[in-house]
Amino acid sequence: MQRRNAFLATSLVVILLVAGVWLLVPSHYQLVIRDMKTKEILWTDTIEKGNRFAHRYIHSVEKSPVKEVFQFSDTGEIMTLESWTKSFGAGLPYQREGEVAMEDGYYVLKNINRPIHDDVLRMKPSNLYPHTFSFQNQTIYLSKQPFVGRVIEIDVIRSSLWKSLNLNKERDRDG
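Just so it is clear, the structure is predicted and the values come from calculations on it, not from any experiment.

Peer 1: How would you sum up the nonpolar core? Please name residues and give values.
Peer 2: L31, F53 and F133 are the most contacted members of the largest nonpolar core, which has 21 residues in total. Elements represented by at least two residues in this core include exactly strand 1 (28-35), strand 2 (41-47), strand 4 (65-72), strand 9 (121-123), strand 10 (132-135) and strand 12 (152-159). Discounting chain neighbours no more than four positions away, the residues touching L31 are W43, T44, D45, I47, F53, F133, F135, I154, D155 and V156. In this structure, A54, V69, W84 and Y106 belong to the second largest nonpolar core, which totals seven residues.

Next comes the structure, spelled out in structure tokens:
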């Protein structure tokens, strides 16, 4: 009987250790939008290497639509892949990087394949013009609350299952 109890106790400890490791060790990646100042997570979803995301906005000076496409690369970096603009004015891409083409009235710079600065996108969405963020089949309006008026960061972080569950609970509660 003592051997059986010792075996059950040992088995329980092993199961708890395996479950703890499975829940707590970083095992996947989260795409997050957070407040740069407070680090509050405003939105999150699981991302895999190779996934793309984009944001669209109206350029504040040129009053021209812009679309930028990014990819979470196999090396774990956020890479700029494409930039779509209707003009080449102040603050808009002008250097010839990648391939340039015209599509649907846009100048499209494709295959840029350049890591973003500091591996984090930073921006301050305004409510004056629509500003959206797209990932998979989701569209998030950055020009609305809780994003508008804040300096936000779009980043990819390594995450454990436990942390992801808590981030998703916060997002579901707040959104």
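And the narrative resumes.
Peer 1: Give a detailed account of the side chain of N51, specifying residues and quantitative values.
Peer 2: The topology assignment puts N51 in the loop between strand 2 and strand 3 (52-58). Reaching out from N51, the side chain makes a polar contact with the backbone nitrogen of E48 at a distance of 2.8 Å. Those residues in contact with N51 that sit more than four places away from it in its chain are F70, Q71, F72, F135 and Q136.

Peer 1: Requested: an account of the sheet that holds strand 2, with residues and values cited.
Peer 2: The four strands lie next to each other as 2-1-12-9, forming an open sheet whose pairing is antiparallel. What marks the edges here is a single partner per strand, and that holds for strand 2 and strand 9. Strand-to-strand twist in this sheet, taken as the mean axis angle between neighbours without regard to direction, amounts to 25 degrees.

Each value, and the rule that gives it
Residues numbered from 1 in each chain as written. Predicted model: local features only at pLDDT ≥ 70, side-chain atom pairs only at ≥ 80, totals over all residues. Heavy atoms only, no water. Core = buried A, V, L, I, M, F, W, Y, C linked by side-chain atoms within 4.5 Å. Buried < 20%, exposed > 50% of the residue type's maximum accessible area, 1.4 Å probe, protein only. Helix = DSSP H or I, 4+ residues; strand = E, 2+ residues; numbered from the N terminus. Contact = heavy atoms within 4.5 Å. Polar contact = N/O pair within 3.5 Å; in protein donor to acceptor, adjacent residues only side chain to side chain. Pairing = 2+ DSSP bridges. Axes fitted to C-alpha atoms, helices over the stretch in contact; angles between N-to-C directions.

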